[in-house]
Amino acid sequence: MKDVRPLSERFDLTYIRRPHLADRWTGVLTGVLILAALAAVVGMGVTGDKRVYTAGTLTHAHAMFGNDCAKCHESAGSGVLAGFDLPVRDEKCLACHTAPLHHPHQSRFVGAPVSAGGKSIVMSSDCSTCHIEHRGADVRLVETGDRSCVQCHEDLQTRGWTRAAASPIPASPEPGAPAAVVNSVSSFAADHPQWAVLRESKPDTAALLFGHEKHMNPGLKDGPLDCVSCHVRDTDGRYMKPITFDAHCRSCHEGDLKNINVADGFVPSIITPHASVDEVRRAIEERKALLVAQHPEKFVIKAPPSGADAAPEPAPAEPATRSRRPGAARPATVTIPDFETVEARSAWLAGIVTESLDRVSQACSYCHAVEKAETGGDGGFTIVPTAVPSRWLPRSVFDHNAHAMVRCDECHAAGKSALTSDVLLPGIDSCRQCHAPRSGHAGGAPHSCATCHIYHAPMPPGVPGRLSIQDLHPAR
Amino acid sequence: MAKAMPLAEFEGQVMSLEELKAVDIFEDVKPDAIEKYPGTVRKRLFRAGDVICQQGEGGTTAFYIVEGTCRIFIRRPDEMAGKGRGLVARIGRALGQQKLPSTRKHKAEAVVPIDASVDLTYGRLATTLEAGNVFGEMSCLNLAPRSATVVAETDCILLEILRNMYEVLQRSKTFKGRMDAIYRERVLDNHLKNVWLFDGLPQGVIDDLKRVGELLSYEAGKQIFAEGDAADGMYLIRRGQVRVSKKFPGGERNLAYLTRGDCVGEIALLHDTPRSATCTAADHPILGDPGRKRRPAQVELVKIRTEDFKRVIAEYPEVRSRLEILAERRLLEQAEARVLITPTVYSREVEDLGLIQGQNLMLINLEKCTRCDQCAQACMKAHDDGISRLIREGPRLDKYLVPASCRMCLDPVCMIGCPVGSIRKAKDLNIVIEDWCVGCGVCSKQCPYNSIQMHTLEEFGRHVSEEARRVAETGEVVEVTDRAVVCDQCSGLPQGPACVYACPHDAAMRVNAVEFLSGYLTSPGATTLPSFVRAPVEAQPVDEGT
Amino acid sequence: MLLDRKHKAWAWFTVALAVIGALAWWFDPEASTIGRGGSTIVGLTLGSLALLFMLFCVALSLKRRVPHWRLGRAQAWMRGHIWLGLLSVWFVALHGAFERGGPLTTLLWVLIALVTLSAVFGLILQQFVPRLLLHSVPGETLAQQMDRELEWIRKRGEEVVIEFCGSIETAQPSPMPEPPTKAPGMPPVSTPAHFAAAAPAPAQGGAAAAVATAPPPASPPAAAPPKPKGPPVGGEPLRRFYVDYARPFLAGEYRPQLASPGRAQSLEAALRTMCPAPIQPGIDAVMSLCDRARQLRRQRRLMRILFAWLILHIPLSWALIVLAIVHAVFALRFLQR
């Protein structure tokens, strides 16, 4: 049954002016939501709460500035959009950090000088092109990505080297000069050059006679040594503590020190101190003084007998043997002559010092390079400073702790090294076994520029830096 | 002989035979005709200021003024909907977006035909009726609603006449002579000036034409001229309805229904082409009482013969060339318009489906339509009166809904019966309702498809001025009435029908029903339409916009 | 909008742009320094385009206010809305490098997700719910007129029952016992017992049973002088049915017996057996009114489903656009390149 009345009676023809089915609710909710959104924005603007606008979490170190955008962002201050535009300004980073310029000859990213410690130090500029915040709390800002470095180092000649036109990058190094700057590096795995020291086949310049092979030989008396017997990581675990005689050699090589035996049998001998030559001399002199003090009668000047008739009788020889009590001084093998003159006595005394020194120097030369004094003839000698190089890669950092899972001999071929001059630093290929892009089961360890290199130069010695990148780089 | 009729019961004093015969128009009416219908003429007395009848109310009688003068006027909602004052409306105007006007401006001399012996003009919607005038004839004969308000200016004596007596009166020569005289004196001038061809002609020409015009009468159903006949003159319609039709392959099609004040065949005055359509005298519809018996209507025309016209024009040579140019242009326009809407397939069987009438039928694909009402919203907003001509309700054709919206019928029966001739076809052949619509509702009832709705004036937005509620020149405050509203096919809008333009889901379309259904009927599952069926009738700007 | 062949151009365009955007994002030259995301030129471009697309999508809401302005066909806007909206989601994902970002951007993600999901849900609904409405609600009417229609149905129901049963509230006098109107041997119909309380007991297989259990007639036999024209007798079951079931159902209460067409039909069949021939048109009328009310309710349910998602989609998309603009402004302020 249908309503068959005419349309105008069935319908209210003005219906079209009233809201449609969903329009009322939609309109109300739209108004409410827009107002809520605007109110929230305005409210946050009024209270100054800017945390909501952050593009991503700040790193832990900067999280305390989360609500204070002005700590890093500030208007660049010119033009119509001055107040609108808020980039990150270098001065804001430098307020807390020092970031000295990477290289005095770079042409880009050169910032303003900052005075510190009475010096004017040029800082790097455009910090935020490489150190990008707001990417999450656990991002490490020092890890800037290879592109930051490669953008210049891929073709240093044309990009980034100020003296490009005037003087090109020095090609090959002069002897003794620091290694030349390499012109083109794009990645560690691909074209990073071999270490300079290996590239130029420089020897280890340590002045010490030492052969790893002998010490690690299984036939060594008292058992062979292994790496950790002597090489111990420092407190940071990055590099090795220096080798010292007392800590590492004395236990076996004390015997090689020989004794200072100024007057055999008269004064007990002491082990030669492993110290400077002056100290050894002092020890000898002290023995000598002891000798004189303990046997003064031997050092009395005896006048020759009067009457010149009698032929001077030689001093009666000491009986060749004397019974020797245990613990007693050895029967003297040195005969102390009679001294008729003071000069003779002084000369004899000086002589035993020289003799002792001479004997000591022979002992020293077991390991050290000994240089006898040319003049003087007082037995003096100098020991060439051992100068064992402690850092082989001065322009990068290394962390032995990070490599604790690797056996020493996987990188250092010490067991086969007989000569001191052998450089046991592993070559780049050894590093590339792991520090390369992952392929199959090889590679995968970090291999970006920032893993080993620090862009910012260190502050000059004695000048304090603030939260410098050196402080913050994981491998110093 | 008729059996005794019971005394008609209605207001007024019953007039005796002698009293009636004393009235001039009953002079030559036979007494037994009067006695046949006792009590069908009553004397009514009105004081000055009495309202005799109201525009829009029902009526069954005609009035003849014996003594006194009456004022007759119609209300027209002036400035009906006005310009939008909101910000959005202003921005729209600045951007050149237009709303379609719901009222069209006309010249002050434009004829507003009313149901009386005189007509009104657009500029002056009131006039005086003296003794000897008649009004309410259509209400009497066809039960049409009163087309105007009549108020007694002085104390009056009126005769109120029922249909049966009025038909007797119409056959009286005195009466006819009186009506003809009034027509020639007071109305013909206006009618002639409203023929587009005679627009701006000097008054002398009009006067001459008035003299040569012939008053003719045709009974409803008689053919006035046939398509292909030699053209011998033009016809002005003085009273009644005329149907213009044309032959097409498969049958005859009604092009228009013309009414009082319209002219037909005017090109014949200047060109010697045969008649391009057939013109037949038509009957008015009887509303409310289909079984009512009555005589066929008499359609009265004024004929101006070609040779008479040429003679008159010969004295005004400069006028002739201008007229010829006008005629040429008009011929071209009409040829174009006819081409656009000529169907290529037409069959009488298919015409039984009411849909086939639709030359620009709106269909809504119910599988796509989400019932969002954007179409009706767009219709409402595209018109400055804030009324939607589209109602999304109607019969269904498979998956299509045929909503209530003008479908530009092949046979525009809505045009039949308008008492004030306000329903017309505009330049693009879309139906428009002029703003002197009196709200009688005839067209709404005539339309078989619910496409014309009556709306009360208050719905037309907030902008109805106070003036609209007053009578022009009388200062009386009267009540608002209804007005008919019909879809105008958005002719004048460059983008075409707003409903189709605004449908976001590709569900609304306007098709030529014959094309659409012929494809449909041959392959019931077909969903492809000829590409041009969605093209709107080429629009030309209509008068002035908002 | 139905996704049909006309979407092909837009779909291909969207896919092409999506692929180009993805390639540009993947091969972003600044990816290794700044990292893929909103700060690179590619990222900024993708973000700006996404915002433009979203502004276009929101502009649809504004365009709807002026459907008569010549701004392009509504279908083109709708297709653009769908495809550019989807593309903007993809561009936003690339622009943000699939990360949450900070609090504001996380909220934007949530809003985008809700807006897109509600949109996709709505689009899916539009593929089949209109067809469902078309086939299951033949008596569909305008949504805003439904209340008027239901009002009319209620009134009409009252009129019909009064016409056929005399009055609604008071019981009719019971009529003469009539021979069973259906053939013996028909299967018994289960009917609520109280329908038959004041009527002759429904004939369940035997005229004798009916006659035996019928209460004595209260009205005089038919040989009485002609009664004034009143409602036909025998309408009590209809009246009871109307009072207990149809009227509450038409008023909006739930009545399982009328809730589905099948059950209503069996109830109707039972009712017909209990009422004499003159009452049958009344039953026709009441049942068809119930059917119409059922259809209208179904229409209301379906239309609510069809429009409910808009209540989520539109407000959230406005909130999204406001916050997206805020995000754009602040991100550009603090942009570091």
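Residues numbered from 1 in each chain as written. Chains lettered and ligands numbered in written order. Predicted model: local features only at pLDDT ≥ 70, side-chain atom pairs only at ≥ 80, totals over all residues. Heavy atoms only, no water.

Engineer: Before we go on, may I ask you to explain the interface of chain A and chain B in this structure?
Structural biologist: Note on interface size: it is often stated as the accessible area lost on association of the parts. Of the residues lining the interface, 11 residues belong to chain A; the matching set on chain B comes to 21 residues. Across the chain A/chain B interface, buried area totals approximately 1,200 Å², and carbon plus sulfur atoms make up 57% of it. It is Leu7, Ile16 and Arg17 of chain A in chain A that bury the most area against chain B; as a group they hold 47% of the surface buried on that side. Counting across the interface, chain A meets chain B through one salt bridge. Here Glu393 of chain B makes a salt bridge to Arg10 of chain A, at a shortest N to O gap of 2.7 Å. On the surface where chain A and chain B come into contact, there are four residue pairs in polar contact (both at pLDDT 80 or more). (Contact = heavy atoms within 4.5 Å. Buried area = accessible area lost by both parts, 1.4 Å probe. Salt bridge = Lys/Arg side-chain N within 4 Å of Asp/Glu carboxyl O. Polar contact = N/O pair within 3.5 Å; in protein donor to acceptor, adjacent residues only side chain to side chain.)

Engineer: Teacher, can you tell me more about the nonpolar core here?
Structural biologist: As a rule of thumb, soluble globular proteins bury nonpolar side chains together. In terms of nonpolar packing, the biggest core is built from 97 residues, with Phe26, Phe135 and Phe198 of chain B touching the most fellow members. Ranked by the residues each element gives to this core, the list is headed by helix H6 (residues 173-193) of chain B, at seven residues. In contact with Phe198 of chain B, not counting residues within four places along its chain, are Leu192, Ile206, Leu209, Met234, Leu269 and Phe309 of chain B. Of all hydrophobic cores here, the second largest spans 44 residues; its members include Met146, Val161, Phe241 and Leu267 of chain C. (Core = buried A, V, L, I, M, F, W, Y, C linked by side-chain atoms within 4.5 Å. Buried < 20%, exposed > 50% of the residue type's maximum accessible area, 1.4 Å probe, protein only. Helix = DSSP H or I, 4+ residues; strand = E, 2+ residues; numbered from the N terminus.)

Engineer: Quick question: what am I supposed to make of the packing of helix H9 (residues 261-274) of chain C against helix H10 (residues 280-333) of chain C here?
Structural biologist: How two helices pack is summed up by the angle between their axes together with the distance between the axes. Residue and element names in this part refer to chain C. Contact pair H9 / H10: the axes reach a minimum separation of 11 Å and the direction vectors enclose 165°. With respect to H10, the element H9 is oriented roughly antiparallel. Judged by the twist between their axes, the crossing of H9 over H10 is right-handed. Of the residues in H10, those touching H9 at Pro261, Ala264, Glu268, Leu271 and Arg272 are Gln280, Ile283, Asp284, Met287 and Arg294. (Axes fitted to C-alpha atoms, helices over the stretch in contact; angles between N-to-C directions. Parallel < 35°, antiparallel > 145°, perpendicular 65-115°, else oblique. Left-handed = near helix turned anticlockwise from the far one by under 90°.)

Engineer: Help me understand the interface of chain C and chain B, please; the structure alone is not making it clear to me.
Structural biologist: At the interface, 33 residues of chain C touch 35 residues of chain B. When chain C packs against chain B, close to 3,100 Å² is buried across both sides, 53% of that on carbon and sulfur atoms. Counting every contact that joins chain C to chain B gives six salt bridges. Linking Arg131 of chain C and Glu367 of chain B is a salt bridge whose minimum nitrogen-to-oxygen distance equals 3.6 Å. At the boundary of chain C with chain B, the tally comes to 13 residue pairs in polar contact (both at pLDDT 80 or more). When contributions to the side of chain C that touches chain B are tallied by element, the ones reaching two or more residues are helix H3 (74-95), helix H4 (103-136) and H10 of chain C. Sorting elements by how many residues they give to the side of chain C that touches chain B places H4 of chain C first, with six residues. Broken down by class, the residue content of the side of chain C that touches chain B amounts to 17 nonpolar, seven polar and nine charged. (Nonpolar A, V, L, I, M, F, W, Y, C, P; charged D, E, K, R; others polar.)

Engineer: What's the story with the sheet that holds strand E10 (residues 149-152) of chain B in this structure? I'm lost.
Structural biologist: Two strands in a sheet stick together by hydrogen bonds in their backbones, pointing the same way (parallel) or opposite ways (antiparallel). All names here are of chain B. In spatial order, the strands read E3-E10-E5-E8; together these four strands make up an open sheet with antiparallel pairing. Each edge of the sheet is formed by a strand with only one pairing partner; in this case those strands are strand E3 (51-53) and strand E8 (126-129). Within this sheet the neighbouring strands show an average axis-to-axis angle of 30°, counted without direction. The pairing of E3 with E10 spans two bridges and is classified as antiparallel. The partner of Val51 across the bridge, within E10, is Val151. (Pairing = 2+ DSSP bridges.)

Engineer: Any chance you could explain the pattern of salt bridges here in plain terms?
Structural biologist: When the charged atoms of two side chains lie near each other, side chains of opposite charge can form a pair. Residue and element names in this part refer to chain B. In total, this model carries 57 salt bridges over all chains according to the counting rule given. Between Glu137 and Arg239 there is a salt bridge whose closest N-O contact spans 2.6 Å. Separated by 102 residues along the polypeptide, Glu137 in helix H4 (residues 137-142) and Arg239 in strand E14 (residues 233-239) bring together distant segments of the chain. As far as burial versus exposure is concerned, Glu137 and Arg239 are alike and both buried. Overlapping salt bridges, with partners in common, bring together Glu137, Lys176, Asp180, Arg238, Arg239 and Glu300 in one network.

Engineer: Please clarify how the domain arrangement of chain B should be interpreted in this entry.
Structural biologist: The domain boundaries assigned to chain B delineate domain 1 (13-74 + 114-171), domain 2 (187-339) and domain 3 (348-530). If you average the C-alpha positions of domain 1 of chain B and of domain 2 of chain B, the two centres end up 29 Å apart. (Domains from an automatic or database assignment.)

Engineer: Please explain the sheet that holds strand E17 (residues 263-264) of chain B as it appears in this structure.
Structural biologist: Residues and elements named next belong to chain B. Reading across the sheet, the four strands line up as E12-E19-E14-E17 and stay open at both edges, with antiparallel pairing between neighbours. For this open sheet the edge positions go to strand E12 (214-219) and E17, each flanked by a neighbour on one side alone. Direction of pairing for E14 relative to E17: antiparallel, over a ladder of two bridges. The residue of E17 that forms the bridge with Tyr235 is Val264. Those strands touched by H6 are E12, E14 and strand E19 (298-305), and its axis lies near 120° from that of E14.

Engineer: For this particular structure, what's the right way to read the packing of aromatic side chains?
Structural biologist: Each aromatic ring pair is described using two quantities: the centre-to-centre distance and the angle formed by the ring planes. Residue and element names in this part refer to chain C. For the coordinates displayed, the defined rule picks out 15 aromatic pairs over all chains. Centre to centre, the rings of Trp10 and Phe13 are 6.1 Å apart; their planes meet at 85°, and the pair counts as edge-to-face. Residue Trp10 and its partner Phe13 are both found in helix H1 (residues 8-26); the two are separated by three residues, about one turn of the helix. We classify Trp10 as partly exposed; its relative accessible area is 25%. For Phe13, a relative accessible area of 39% gives the class partly exposed. Here a set of aromatic residues connected by ring pairs shows up, and it is made of Trp25, Trp26, Trp90 and Phe98. For the cation-ring pair, Arg36 lies above Trp26, with the distance from its terminal atom to the ring centre recorded as 4.2 Å. Sitting over the face of the ring of Phe249, Arg297 holds its NZ or CZ atom 4.7 Å from the ring centroid. (Phe/Tyr/Trp six-rings, centres within 6.5 Å; stacked < 30°, edge-to-face > 60°. Lys NZ or Arg CZ within 6 Å of the ring centre and 35° of its normal.)

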